[in-house]
Structure formats: C-alpha cells, structure tokens
Amino acid sequence: MSDPVQLRIPGPTPLPETVREAGSRQMVNHRGPEFKELLGRVTTAMKKGFRTESEVLIITSSGTGALEAAVVNTLSPGDSVLSVNIGVFGDRFAKICRAYGADVTTLAVEHGKAADPSDVGAQLREMAADGKPAVAVLVTFNETSTGVTNPLEEIAQQIHHDAPDALILVDAVSGLGAIPLEMDAWGLDVVTTGSQKSWMVPPGLAMVALSPRAWAAVERSTMPRFYFDLKLHRDAMARGETPWTPAISVAFALDEGIKLIEAEGYPRIFARHAACGAAARAGLEALGIRLLADPDVASNTVTSAWLPDGVEWSALTKVCRARGLVLAGGQGQLTGKIFRVGHLGSVTTDDIVRCMEILEDALAELGLQIEPGASARAAAQAAANANDGATERKPVFATTA
Ligand code: PLP
C-alpha cells in the first residue's frame, strides 16, 4: 500500500499532525488541575460548535453512547416516540429507544432522500389523534449510511408547530462542526456528536448538550441509567471533572483539534466541506457513477454512490486499497450496492481530487471505460466553483465570543 494512505471514510478521519502528537502525551491526574483546565477550555469551545448556551458534556464513549445518553436521561418506559428514519443510524436511535421500553413509531424514508417536514408533521398529528402524542422525536441530522443531510431547521419548526411539547433528540454525530446547525435557535433539545468525526480526533469521546426543557425532562425520566447518567456528568463538570476516568489521550487530542477549528473558523470550515462535497459529487458523476442522495440534500461530509454495473464492492475496495485509498462500503440494506467517500474533518479539495485520480485508475483496472483525468478535472472545477461562491457568501454562521 502506498503512503500516505487516503482514509476517505466518514470517520474516523485522518488526524492532523499536532492532534496526533497531543494524543501521545504523558498522562495527567484526571482529578487534578491540568485536566480541569483542559475540560473547561474544551467544553467552552464546544458550545460554539453546538451553538448553544447550554453546557456541553463530554462522555467517554463512541457516538452511540451519546445517543443512548440522550434517550435514557429524557424518556421513560412506555413513552411514545417518533423516529424519523432515513437510514441505518436513524434505525439505531430507534432501537436504543425500544431496548429501554419506549413505544416507537417509525416514519421511514426511502434511502437517498431526506425527511419531508410536512410528513413529520402529519405523522405527529396522527399519533396525537390515536391518543399517543409523541413525547420525543428522534432525528438524524446527517445520515452517514446514505449521505443525506436532513433539513433539520424545517423539521424542527414543524415539530414545534404540530407537537410543541415533544422533545427533539438529534443525532448530529457526523454533521455537527462541518455543516451549520443551530441548537438554541432551532429549538433542539438534545444534540450529540462524536470525537472521530468533524473534530479531527480519534474515537473515544462523545459530546452531548441538553436544552433547559431537556434538563426538566431528566427530572421526570425513569429509564434506568448509570454510566450515562447525565446528572452525574453535569455535577462532575461543575467540579472540573468527569464522573468516571475519561479517555485522557483523546481529550488532549480534542484540545488541539479545537485550536485548529478556532483558527480556521466555522464559516470557512463549512465552506471547505461544501467545496469537498461538491468536488466528490462532480468527480463521481464524471466517472459515470450514479449518486444515491438527492442532489438537494446530498451531504457535505459523505458522498454515497451506486457501485457501477459489474463492479463488486470487494473488488473495488481491493484495487483502491492497493493504491492507498480506503473507501467505505454500504451499510445495512445497502451493503454490496453502494460505496461511500468520506470528506469530513481534516480534508481539503485537493484530497478529493487525488481520491478521484486514484478511483479512475482503480476502475480502469476493473475494466471500466474511463476517460483519463476527466473525474479529477470535474472535481477540481466543482471545488473552484464552490470556493468562488464561498468568498461571496456571507458567513452562514457567526461564532459567538
Ligand atoms: N450516528 C451517525 C450519524 C454516525 O455516523 C455514527 C457513526 O458513524 C453513529 C451515530 C455512531 O457512532 P459510533 O460509531 O461512534 O458509536
């Protein structure tokens, strides 16, 4: 395998040098002053990423742990929950709810499409008419398995309109920090993310923030919990600690990742991801590959595409790996049907152009008729167009002080 490897999966993402170095630092006492300072810095910075005045809690787990924390701290067995399910991760959120005894109604959406806010509203009204109004709605911000970003702001508006008392629990694991999301302004109640995504650090930490409404729900919630009891996390945070031994190395790395994020600034980060997404989509289409996601809702952190006729995933991944490119396969029902190109975190449009060059070469080896250079040129052109637009665009998102 050639070096450096192009790790083009939707997390874990490649690590910037300073982040890698930070992760190998000597340990400190996690109940001592160094860690207290670090935790304070990181959680304060994270509030800007979440766009919230609420506290952001850092828990040692993968992203799924944050989803579980969202559920078990705000809900009770028997609660009626609407799951807006547009793929594998929406399904996982619903499964967690069922595992703890919630009564889950699913609004399933065809793969590659986003949820239509009016369908969400209609489903909520139907649930209320059936005598089981939703206590919470589960929404995936960016569905990594299909490469679709839901219109979260509009979905949240619809929920507020049709079920004003329902909590909005958001899986933002693969979108937050790379695609604009406004926790407070959109009225989201629980928002979750994971360190190995746009934050450019290794897996091991998850972040979760709760609105005042969600904290009130915590007081009513009777689902069993211990490790993920967020009141324990909040109390520990007030002392500058975590309740259990945290993944200190990942916290060191996160501290460095945040420095890079703050130096670049969210408006530029969003524009960079938009340019990478545009480049990936244009490059794949120039190869004659069909994209899975509807163009209007295609994700800027991961692009999903149908495998070309006659090309097996096992063969594609093998020829790409031999050239140093690691792509992601399909998940769930899409296994063996699609492949995915990850572009989040520490990624540039040059990385995407290089990815397309390798892909062209790999597909040619598999016998596809490829016009040499066409895909890379299309990717570069799309990136340039996106960047032109970005310089004229007003920042979609002003970071708070
Ligand atoms: N939700 C989404 C949208 C994800 O992309 C992922 C991971 O890829 C998860 C949840 C689960 O995160 P983890 O694998 O860190 O548990």
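Source: prediction; values computed, not measured.

Could you give an account of the pairing of strand β3 (residues 80–85), naming the residues involved and the relevant values?
The buried count for β3 comes to six of six residues, which makes it a mostly enclosed element. Of the two faces of β3, the one lined by S80, L82 and V84 and the one lined by V81, S83 and N85 are each fully buried. Note that β3 and strand β4 (residues 103–108) share six bridges and pair parallel. Paired with S80 across the bridge in β4 is D103. This β-α-β element, β3 to helix α4 (residues 88–99) to β4, shows right-handed connectivity. Sheet analysis places β3 next to strand β5 (residues 136–140), joined by four bridges and oriented parallel. Paired with S83 across the bridge in β5 is L138.

Tell me what's going on with the layout of surface pockets, and back it up with residues and numbers.
By volume, the second largest pocket amounts to about 170 Å³. Contributing to the lining of the second largest pocket are 14 residues, with T64, F89, R92, V173 and K197 lying nearest its centre. Of all the elements in the fold, those that place two or more residues in the lining of the second largest pocket are α3 (63–74) and α4. Residue composition of the lining of the second largest pocket, by class: three nonpolar, eight polar and three charged.

I'd like a description of the sheet that holds strand β11 (residues 302–306), backed by residues and values.
An order of β1-β12-β13-β11 is seen for the four strands of this open sheet, with the pairing classed as mixed. The open sheet has two edge strands, β1 (6–8) and β11, and neither has a second partner. Here the average twist between neighbouring strands, direction ignored, is 30 degrees. In terms of strand pairing, β1 meets strand β12 (residues 325–329) through three bridges, oriented parallel. For L7, the partnering residue across the bridge sits in β12 and is V326. Strand contacts of helix α10 (residues 266–286): β11 and β13 (338–342), with the helix running at about 15 degrees to β11, the strand carrying the most contacts. Along the sheet face, helix α12 (residues 349–365) touches β1, β12 and β13 and points at about 95 degrees away from the line of β1.

Which residues make up the nonpolar core, and what values go with them?
Grouped together as the largest cluster of nonpolar side chains are 96 residues, with contacts concentrated most on L181, L188 and L254. Ranked by residues supplied to this core, first place goes to helix α9 (residues 248–264) with eight residues. Formed jointly, this core draws a minimum of three residues from each of two domains, domain 1 (6–13 + 265–386) and domain 2 (17–261). Setting aside its immediate chain neighbours within four residues, L254 contacts V42, M46, I58, W199, V201, L205 and M207. Within the second largest apolar cluster, 30 residues are counted, among which are V311, L359, A376 and A383.

Quick rundown of the site of the ligand? Include the residues and the values.
Near the ligand, the surroundings consist of S62, G63, T64, F89, R92, N142, T144, D171, V173, S174, Q196 and K197. S62 places a side-chain nitrogen or oxygen 2.5 Å from an oxygen atom of the ligand. If the ligand stood free it would expose 390 Å²; the protein chains cover 87% of that surface. Using a 2 Å cut-off from the grid points, one finds that the ligand occupies the second largest pocket. Breaking the shell around the ligand down by element, the ones donating at least two residues are α3 and α4. Counted by class, the shell around the ligand contains two nonpolar, seven polar and three charged residues.

Any details on the packing of aromatic side chains? Residues and values, ideally.
Summed over all chains, the structure comprises four aromatic pairs. On the basis of an interplanar angle of 85 degrees and a centroid distance of 5.0 Å, the ring pair of Y227 and F228 is categorised as edge-to-face. Owing to a relative accessible area of 14%, F228 belongs among the buried residues under this scheme. Taken together, the ring pairs in this structure connect F226, Y227, F228 and W244 into an aromatic cluster. Sitting over the face of the ring of F252, R25 holds its NZ or CZ atom 5.6 Å from the ring centroid. Just above the ring of W215 sits the side chain of R234; from NZ or CZ to the centre is 4.1 Å.

Please give an account of the domain arrangement of the protein chain that cites residues and values.
Along its sequence, the protein chain is organised into domain 1 (6–13 + 265–386) and domain 2 (17–261). The centre of domain 1, based on its C-alpha atoms, is set 27 Å off from the matching centre of domain 2. Listed as interface residues are 28 residues of domain 1 and, on the opposing side, 27 residues of domain 2. In total, domain 1 and domain 2 occlude about 2200 Å² of area from one another, counting both sides; carbon and sulfur atoms represent 61% of this. Counting across the domain 1 and domain 2 interface gives one salt bridge. Linking domain 1 with domain 2 are twelve residue pairs in polar contact (both at pLDDT 80 or more), by the criterion used here.

Quick notes on the rules
- Throughout this document, residue positions are counted from 1 along each chain, in the order its sequence is written.
- Local features in a predicted model are, by the rule used here, given only for residues with pLDDT of at least 70; side-chain atom pairs are given and counted only at 80 or more, and totals for whole chains, interfaces and linings are based on all residues.
- No hydrogens and no water enter the side-chain calculation; it runs on all heavy atoms of the structure.
- Buried, partly exposed and exposed residues are distinguished by accessible area as a fraction of the type maximum, computed with a 1.4 Å probe on protein chains only: under 20%, between the cut-offs, and over 50%, respectively.
- In this description a helix means any DSSP run of H or I spanning at least four residues, a strand means any run of E spanning at least two, and both kinds are numbered starting from the N terminus.
- DSSP bridges decide pairing: two strands pair if at least two such bridges lie between them.
- Handedness rule for crossovers: strands pointing away from the viewer, path from the first strand over the helix to the second running clockwise, crossover right-handed.
- The distinction between a cavity and a pocket rests on a 1 Å grid over the protein atoms alone: a 1.4 Å probe fits inside a cavity but cannot get out, while a pocket stays open yet meets protein on both sides within 12 Å along at least five of seven lines, and a residue with an atom within 4 Å of a point counts as lining.
- Grid points are joined across faces, edges and corners, and a volume is the space filled by probe spheres set on the points.
- Here the nonpolar group is Ala, Val, Leu, Ile, Met, Phe, Trp, Tyr, Cys and Pro; Asp, Glu, Lys and Arg are the charged ones; every other residue, Gly included, is treated as polar.
- Here an angle of 0 to 180 degrees is reported between the N-to-C directions of two axes, which are lines fitted to C-alpha atoms, with helices fitted over the stretch in contact.
- Residues are treated as being in contact if the distance between any of their heavy atoms lies within 4.5 Å.
- The criterion is simple. A nonpolar core is a set of buried Ala, Val, Leu, Ile, Met, Phe, Trp, Tyr and Cys residues joined through side-chain atoms within 4.5 Å.
- Where each domain starts and ends follows an automatic or database-derived domain assignment.
- Here a residue counts as near a molecule or strand whenever at least one of its heavy atoms sits within 4 Å of it.
- The term polar contact refers here to a pair of N or O atoms within 3.5 Å; inside protein, the definition further demands a hydrogen-donor-capable atom paired with an acceptor-capable atom, and it admits residues adjacent in sequence only when both atoms are side-chain atoms.
- All accessible areas in this document rest on Shrake-Rupley with a 1.4 Å probe, and a residue is counted as covered only by the protein chains that are shown.
- For a cavity or pocket, the test is whether more than half of a molecule's atoms lie within 2 Å of its grid points; if they do, the molecule sits there.
- Stacked, edge-to-face and tilted labels apply to pairs of Phe, Tyr and Trp rings (six-membered ring for Trp) whose centres lie within 6.5 Å, assigned for plane angles under 30 degrees, over 60, and everything in between, in that order.
- Cation placement over rings: the criterion is NZ of Lys or CZ of Arg within 6 Å of the ring centroid and within 35° of the ring normal.
- The term buried area refers to how much accessible surface (probe radius 1.4 Å) is lost by two components on association, counted for both of them together.
- By definition here, a salt bridge exists when the distance from a side-chain nitrogen of Lys or Arg to a carboxyl oxygen of Asp or Glu is within 4 Å.

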